[in-house]
Amino acid sequence: MYSYRTVSVIPELPEAIHRLKELARNLWFSWHPKAELLFCRVDAVLWEEVNHNPVKFLLYVEGEKLQRAAGDPEYLEVYRQVMWDLDRYMQGRTWYQEVYPEQTDQLVAYFSAEFGVHESNPVYSGGLGLLAGDHCKSASDLGVPFVGVGILYKQGYFCQRVNREGWQEARYSFMDFNEMTVTPASQPDGGSVIITVRLPGRDVYVKVWQLQVGRVVIYFLDTDLTQNSREDQLLTSKLYGGDQDTRICQEIILGIGGVKALRKLGISPTAWHINEGHAAFIVLERIRELVEGGLPLSTAREAVRASTIFTTHTPVPAGHDVFNTEMMDRYLGYLYEQIKTDRDGFMALGWDQGRQGFNMTKLALNHAAFTNGVSQLHGEVTKKMFAHLYPAIPLEEIPIYSVTNGVHTETWVAPEMRDLFEKYIDPDWVDNISEPHRWKRVYNIPDGELWETHQNLKGRMIKFVQNNIYRRMDRNFQPLELIRECAGYLSKNVLTIGFARRFATYKRAYLLLKDKDRLDRLVNHPDRPVQIIYAGKAHPADRPGQELIKMINDISVEERFRGKIVFVEDYDINVSRHLLQGVDVWLNTPRRPLEASGTSGQKAAVNGVINCSILDGWWPEVYNGENGFAVGTERDYQNEEVQDREDANALFDLLEQVIVPYYYRRVEGVPREWVRRMKDCLATIPWKFSTERMVKEYTQRFYLKAALRGKAFSADQCRLAGEIQGFKRFLLENWHQVNFRSVQVQQPAVMRENAEIFVQAEISLGPIQPQDVVVEVVYGKVSDHGLDKVVLMPMNLHQAVGESVYQYATSIVLIRGTSGYTLRVRPNNENFVHQFELPLVKWADNL
Ligand SMILES: *Cc1c(COP(=O)(O)O)cnc(C)c1O
């Protein structure tokens, strides 16, 4: 083999449409159908061939076609309109500027191992990446000062081909970044940005690229440089490929390299968001910077913590990355000295006692002022998972929050649905998606019009699926008769269920496939047939996932299921969009409670596609009996087989007895009750499960607080961080001396509503001062698991009654029913972000 240099020449664009080049490098185009039209109309075939990558499109489109477009008045009209929209978008006033005019100098840096912005940038594998992409788009829409940091995987996630036997084949191909929507990032002085990251025995060079997503920039890291050895060039080639060593290298590049890259770019974030544990090494680099500047490690940790936000997505402990001590020594041993500690001190930053290793989630958790799960249910599960870190603290008070995921509405809504919203909700409906009451206007859409729009989308989706199957059969040299047959697969008039997601086994794609005879009766019902479309990739190392794909493909070629159960290959954002805009029912069957949130059902709902889902993730938060269907109940199972059997039965029952009859009940050709459900779904789901709502929530609840805390903590050589650290250490060392000496209660003779109980307690605090604690009554309804709906009432300090013994008192006003109360002491500091920032509490034990 010989070496060569590549050059990409972008053809000159006709002057009248020269800004297409700019449009091609701003992913804003991807959620504006008119902007996409500007490419598609020039050459629709090429546009599909390049999988909607506008940069590649402009490289390969024939000059003649561009000339023709530049001379077409109709085209130019759309062009002018789009450019006007783009300029208005980029320069217009935003929500953030309106609400926080004083905070425009803040900057959130959001680190994620994957970003799923658009199919033209395949550096994502699933929900985590899609969420990150949608997060960036809404941050842009809202004008939140925001940058993303990720990795530019040279091979991306793999392409999926299903072979003749029905097995998935994973194909990796190297992307040419010059043909992609990214551009090399440049320093303030204009030079390209290359940083180095230390790995065992060498420094690895990392190049920084950038992707413009509306107003937001995502910076991507890439080691494919000639300065690096062949192995190091491949470090950033595959997403979730390779072994533990590749994994830790990628995480070091993302975390440590990411911080260095921002510094080199002259970018100074004021809040740092770790999206899943993979990115937690940013903490180490930020600590190192501060220690290098002269701070003690403990103060540096406190300062870093103040401005850090951590979102966890994994409800099973085994899903969190853990590296053993030997690996940590090898890869990061050089840091021990640099952050002025020893091996034990370093390990303590993220030590996982149970798994005996360095846990990325622990590292993040220990250094984030704000930690959250991604749905209410997942927040609860996460609290339980980490309850051992907060002994003696009631579950509901553990400082782990939840922010339920959403989707970027404009990205997922079909253009035809968008038109309906403009017509019946508001011409400017996109300017305020998370506002609920305007969505009520969906009831004004005439049933027939909504149904017809849906049917059109369904027709388009079916063609897309037929093409996908055709291509696969053709490539696999299937007999011609069989290939021709697939043009007749699927019908617009048949109830269509979609199931598309990663084939992780907990998502249970097999649920309907275990009882093939019942499935046969369902899909081949003489009057009310059903068809099911599956799509999804299994990780190349996930054998059970691949067997599942094989199983679906085997079933799909059986005579009785042919053309009724189909598998669409190469699930990506494009496939996802087509399916969830065009099916009737979106099926979701995770093993509860393992789906932390799930988002594809939210995308479906934006298109009036009805969810049929296990009550897991986001679904219990909005399911109301009218706006979709729920499978099974909100119960926990100990036995997976029992759970599978019961859920499968519940799903079949629901389909046979409710969903299918409902769908086929027509009045003048329109399934009125079904359409009613579509409207219920549109009225209740999209506004709430939008990333607009979600990013506002992150901003209001975490970003601004973190930014302001970070600033306060780091002023004056981190004086405040040092003080808080000192305070925490002092309390930890002396807390054992906090004791209830006595508790006295005076009760009224008759316990009436509004009567008062007088409570008095004597408490010894040792060397701790009264202002450093809160003494309070915890009062609530008695329930099976203790006190419920608790109210906290601070007790007043009456007097000192001896050396470091203090008397506190208050009275409790009785409420109706059976209540309980107790007393406790906890730390108090106005700079705590949460009352249990320091997980110390002393409960009265002699009540
Ligand atoms: C939305 C989406 C996902 C995530 O879907 P889940 O419901 O969370 O499984 C994964 N992949 C693609 C391509 C998506 O669009």
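Residues numbered from 1 in each chain as written. Predicted model: local features only at pLDDT ≥ 70, side-chain atom pairs only at ≥ 80, totals over all residues. Heavy atoms only, no water.

(A) Looking closely at the overall build of the protein chain. Counting its regular elements, the protein chain contains 28 helices and 29 strands. Along the first, second and third principal axes, the C-alpha atoms of the protein chain reach 95 × 65 × 50 Å. Burial statistics for the protein chain: of 847 residues in total, 60% are counted as buried. Taking as baseline every contact in the protein chain between residues at least 6 positions apart, the subset at least 24 positions apart corresponds to 73%. Working note: accessible area of the protein chain is about 34400 Å², and carbon and sulfur atoms make up 48% of it. The protein chain carries 96 positive and 108 negative side-chain charges, and their two centres are separated by 1 Å. (Helix = DSSP H or I, 4+ residues; strand = E, 2+ residues; numbered from the N terminus. Buried < 20%, exposed > 50% of the residue type's maximum accessible area, 1.4 Å probe, protein only. Contact = heavy atoms within 4.5 Å. Areas by Shrake-Rupley, 256 points an atom, 1.4 Å probe, with all protein chains shown as cover. Lys, Arg positive; Asp, Glu negative; His and termini not counted. Charge placed at Lys NZ, Arg CZ, Asp CG, Glu CD.)

(B) Layout of the site of the ligand. As a matter of local geometry, the ligand sits amid 14 residues, with K507, S576, T599, S600 and K603 nearest to it. The side chain of K603 places a nitrogen or oxygen atom 2.6 Å from an oxygen atom of the ligand. When the free accessible area of the ligand is taken as 390 Å², the share hidden by the protein chains comes to 96%. Listing elements by their share of the shell around the ligand, those giving two or more residues are helix 8 (127-142), helix 24 (573-582) and helix 25 (600-606). (Near = heavy atom within 4 Å. Polar contact = N/O pair within 3.5 Å; in protein donor to acceptor, adjacent residues only side chain to side chain.)

(C) Spotlight on helix 24. Across the 10 residues of helix 24, 10 count as buried, placing the element largely inside the fold. Restricting attention to buried positions, one finds in helix 24 the residues I573, N574, V575, S576, R577, H578, L579, L580, Q581 and G582. For helix 24, the N-terminal capping position is held by D572, with its side-chain oxygen 3.0 Å away from the main-chain nitrogen of N574.

(D) Examining the nonpolar core more closely. Residues L20, L23, F281, L332 and F346 are the most contacted members of the largest nonpolar core, which totals 146 residues. Ignoring anything within four residues of it in the chain, the contact list for L20 reads L13, L38, F39, L58, L66, Y75, Y79 and M83. (Core = buried A, V, L, I, M, F, W, Y, C linked by side-chain atoms within 4.5 Å.)

(E) Summary view of the packing of helix 26 (residues 640-664) against helix 27 (residues 672-684). One way to put it is that helix 26 packs onto helix 27 with a least axis distance of 6 Å and a crossing angle of 110 degrees. When the interaxial angle is binned, helix 26 and helix 27 end up roughly perpendicular. Where helix 26 abuts helix 27, its residues I659, Y662 and Y663 lie against E673, W674 and R677. (Axes fitted to C-alpha atoms, helices over the stretch in contact; angles between N-to-C directions. Parallel < 35°, antiparallel > 145°, perpendicular 65-115°, else oblique.)

(F) Expanded view of the packing of aromatic side chains. For the structure shown, the criterion picks out 39 aromatic pairs. Arranged with centres 6.3 Å apart and planes meeting at 80 degrees, the rings of F499 and F503 form a pair that is edge-to-face. A ring pair is formed by F629 and W674, whose centres lie 6.2 Å apart and whose planes are at 35 degrees; its orientation type is tilted. Of this pair, F629 sits in strand 21 (residues 629-631) while W674 sits in helix 27; the two residues are 45 residues apart in sequence, bridging distant segments of the chain. Judged by relative accessible area, F629 falls into the buried class, the value being 4%. (Phe/Tyr/Trp six-rings, centres within 6.5 Å; stacked < 30°, edge-to-face > 60°.)

(G) Structural detail: the sheet that holds strand 23 (residues 756-764). One open sheet holds the four strands; their spatial order is 22-23-27-26, and the pairing between them is antiparallel. Pairing within the sheet leaves two strands with one partner each, and these edge strands are strand 22 (739-746) and strand 26 (796-802). The mean inter-strand angle of the sheet, taken between neighbouring strand axes irrespective of direction, is 25 degrees. Taken together, the nine bridges between strand 23 and strand 27 (residues 805-813) define a ladder with antiparallel strand orientation. Looking at strand 27, one finds that A761 is bridged to Y808. (Pairing = 2+ DSSP bridges.)

(H) How the structure looks around the pattern of salt bridges. Under the criterion given, the structure shown has 66 salt bridges. The closest approach of N and O atoms between D447 and R672, which form a salt bridge, is 3.1 Å. Of this pair, D447 sits in helix 20 (residues 447-475) while R672 sits in helix 27; the two residues are 225 residues apart in sequence, bridging distant segments of the chain. Using a relative accessible area of 31% as the deciding quantity, one classes R672 as partly exposed. For the salt bridge of E569 with R472, the shortest nitrogen-to-oxygen distance reads 4.0 Å. Placement of E569 in the loop between strand 18 (565-568) and helix 24 and of R472 in helix 20 is noted, with a sequence separation of 97 residues between them. Residues E569 and R472 agree in their burial class; the two are buried. Bridged by salt links that share partners, the residues E302, R305, R709, K728 and E837 form one connected network. (Salt bridge = Lys/Arg side-chain N within 4 Å of Asp/Glu carboxyl O.)

(I) Up close: helix 12 (residues 297-306). Burial analysis of helix 12 places eight of its 10 residues in the buried class, which makes it a mostly covered element. If you follow the buried residues of helix 12, they end up packed against helix 11 (282-292), strand 10 (308-311), helix 15 (360-366) and helix 28 (691-734).

(J) A look at the packing of helix 11 against helix 13 (residues 325-338). In the contact formed by helix 11 and helix 13, the axes pass within 10 Å of each other and the chain directions differ by 30 degrees. In this view, helix 11 runs roughly parallel relative to helix 13, as classed from their interaxial angle. Helix 13 is crossed by helix 11, and the crossing has left-handed handedness. On helix 13, the residues that touch L284, R288 and V291 of helix 11 are L332, L335 and Q338. When the residues that make up the contact of helix 11 with helix 13 are grouped by side-chain class, the tally is four nonpolar, one polar and one charged. (Left-handed = near helix turned anticlockwise from the far one by under 90°. Nonpolar A, V, L, I, M, F, W, Y, C, P; charged D, E, K, R; others polar.)

(K) Structural detail: the sheet that holds strand 11 (residues 322-323). Strand order in the open sheet formed by three strands is 11-13-12, with antiparallel pairing between adjacent strands. Bordering the open sheet on either side are strand 11 and strand 12 (351-352), each of which pairs with just one other strand.

(L) Inspection of the environment of E276 at higher detail. Inspection of the secondary structure puts E276 in the loop between strand 9 (271-275) and helix 11. Look at E276 and you get buried, because its relative accessible area is 7%. A sequence separation of 217 residues divides E276 from L59, and the C-alpha atoms of the two residues are 36 Å apart. Excluding anything up to four places from it in sequence, E276 contacts L128, F310, T311, T312, H313 and T314.

(M) Region of the structure containing the pairing of strand 19 (residues 585-588). Here strand 19 shows a buried face lined by V585 and L587 and a second buried face lined by W586 and N588. Of the pairings in the sheet, the one linking strand 16 (residues 495-500) to strand 19 comprises two bridges and is parallel in character. Of the residues in strand 19, the one forming a bridge with I497 is V585. The sheet contact formed by strand 19 and strand 20 (residues 610-614) spans four bridges and is parallel. Within strand 20, the residue paired with L587 across the bridge is C612. Between the parallel pair strand 19 and strand 20, the chain is carried across by helix 25, and the sense of this crossover is right-handed. (Right-handed = clockwise from strand over helix to strand, strands pointing away.)

(N) Expanded view of the side chain of T299. By the element assignment, T299 lies in helix 12. The exposure class assigned to T299 is buried, which follows from its relative accessible area of 8%. Excluding residues that lie within four positions of it along the chain, T299 makes contacts with C718, A721, G722 and Q725.

(O) Here's a closer look at the environment of E558. With respect to the element layout, E558 can be found in the loop between helix 23 (543-557) and strand 18. Residues E558 and F832, 274 residues apart in the sequence, show an inter-C-alpha distance of 63 Å. At 2.6 Å, the side chain of E558 forms a polar contact with the side chain of K516.

(P) Expanded view of the side chain of R518. Note that R518 resides in helix 22 (residues 516-523). A polar side-chain atom of R518 sits 3.3 Å from a polar atom in the side chain of N649. The contacts of R518, once residues within four sequence positions are left out, are N649, F652, D653 and E656.

(Q) The arrangement of unusual backbone geometry in detail. Omega for the bond connecting R592 with P593 falls within 30 degrees of zero, at 0 degrees, which places this linkage in the cis form. Residue placement: P593 occurs in the loop between strand 19 and helix 25. Phi is positive for N754, which is not a glycine, with a value near 75 degrees. When you line up the elements, N754 lands in the loop between strand 22 and strand 23.

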